[in-house]
Amino acid sequence: GRATSQDFSFDIESLRISVVPHDIQVITSVTRKVLEKLNLVSRRDIRKKLSPFIHAKKKGSGIATSIRAELHSFSFVIMRSFKPKHDVRQFLDVYANQVKFNVEGCAAFLVDLSLQLGVKFFNPCASEWDDLMDSNEFLVTMEMMPSEIMVSVSSSDVIRT
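My aim in this report is to walk through the structure given alongside it, one point at a time.

Conventions and cut-offs
Residues numbered from 1 in each chain as written. Predicted model: local features only at pLDDT ≥ 70, side-chain atom pairs only at ≥ 80, totals over all residues. Heavy atoms only, no water. Pairing = 2+ DSSP bridges. Helix = DSSP H or I, 4+ residues; strand = E, 2+ residues; numbered from the N terminus. Core = buried A, V, L, I, M, F, W, Y, C linked by side-chain atoms within 4.5 Å. Buried < 20%, exposed > 50% of the residue type's maximum accessible area, 1.4 Å probe, protein only. Contact = heavy atoms within 4.5 Å. Salt bridge = Lys/Arg side-chain N within 4 Å of Asp/Glu carboxyl O. Axes fitted to C-alpha atoms, helices over the stretch in contact; angles between N-to-C directions. Polar contact = N/O pair within 3.5 Å; in protein donor to acceptor, adjacent residues only side chain to side chain.

This brings us to the pairing of strand E4 (residues 109-123). Sheet topology note: the strand E3 (residues 88-105)/E4 ladder contains 12 bridges and is antiparallel. Paired with Val94 across the bridge in E4 is Val119. Linking two consecutive strands that pair antiparallel, namely E3 and E4, is a turn of three residues. Here E4 runs beside strand E5 (residues 128-144); their pairing, made up of 14 bridges, is antiparallel. Pairing of Val111 across the sheet is with Met142, part of E5. Between E4 and E5, which pair antiparallel in sequence order, lie four residues; one of them, Ser127, sits at a positive phi of approximately 55°.

All right, on to the nonpolar core then. Residues Val19, Leu71, Ile78, Leu92, Ala96, Val99, Leu115, Val119, Met133 and Phe138 constitute the largest nonpolar core, which totals 10 residues. Not counting residues up to four positions away in its chain, the partners in contact with Leu115 are Ala96, Asn97, Gln98, Val99, Asn136, Glu137 and Phe138.

Below, the discussion takes up the pattern of salt bridges. Applying the stated criterion across every chain yields a total of one salt bridge. Among the ionic pairs, Glu70 bridges to Arg68, the shortest N-O distance being 3.2 Å. Exposure remark for Arg68: the relative accessible area of 29% places this residue in the partly exposed category.

The strand order across the open sheet formed by six strands is E1-E2-E3-E4-E5-E6, and the pairing between neighbours is mixed. Because the sheet does not close on itself, it has two edges, and the strands there are strand E1 (5-19) and strand E6 (149-155). When the angles between neighbouring strand axes are averaged without regard to direction, this sheet yields 15°. Bridge analysis of strand E2 (residues 64-81) against E3 gives 16 bridges, and the strand direction is antiparallel. Each residue of the ladder has a partner; that of Met79, found in E3, is Gln90.

Relative to the assigned elements, His72 resides in strand E2. Accessibility expressed as a relative area gives 22% for His72, which makes it partly exposed. Distance in space between the C-alpha atoms of His72 and Glu13 is 5.1 Å, their sequence separation being 59 residues. Those residues within four positions of His72 in sequence are excluded, and the remaining contacts are Asp11, Ile12, Glu13, Ala96, Asn97 and Gln98. For His72, the side chain forms a polar contact with the side chain of Asp11, separated by 3.1 Å.

Nothing here speaks to function; it is geometry throughout.
Spelled out as structure tokens, the structure:
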């Protein structure tokens, strides 16, 4: 009766989030308060402070874990508010398509993230979205071992703004 492996899989078709600057300030404030309560505010010894929540065990003593997540379409829209408080317009859209996330490991973890990422801004003169950064394909690979973390970020395209 002891678990030897665990698999998690998530598949989300579309996710869209819209916020105004005040919402971002509230989220930042709440996050800061939670970090203060968990005593994680200082960066010194952050690994020790996070160890109860996230940790890699020594070779042979952990449970094999596999996590897969796929998000077909994601959009994070920042709204801009004007003097009349009821007048809110779209301002910036950070969007991603075909987001694939994999985590596998036991004592050491291998994390792969691939996505097509782009940024648009709303042009009020033309009343349409213009590209701030064309959609680019990115691949992020991270190896997490008990004593080190290696991160690699690559793009097959030239990033155009």
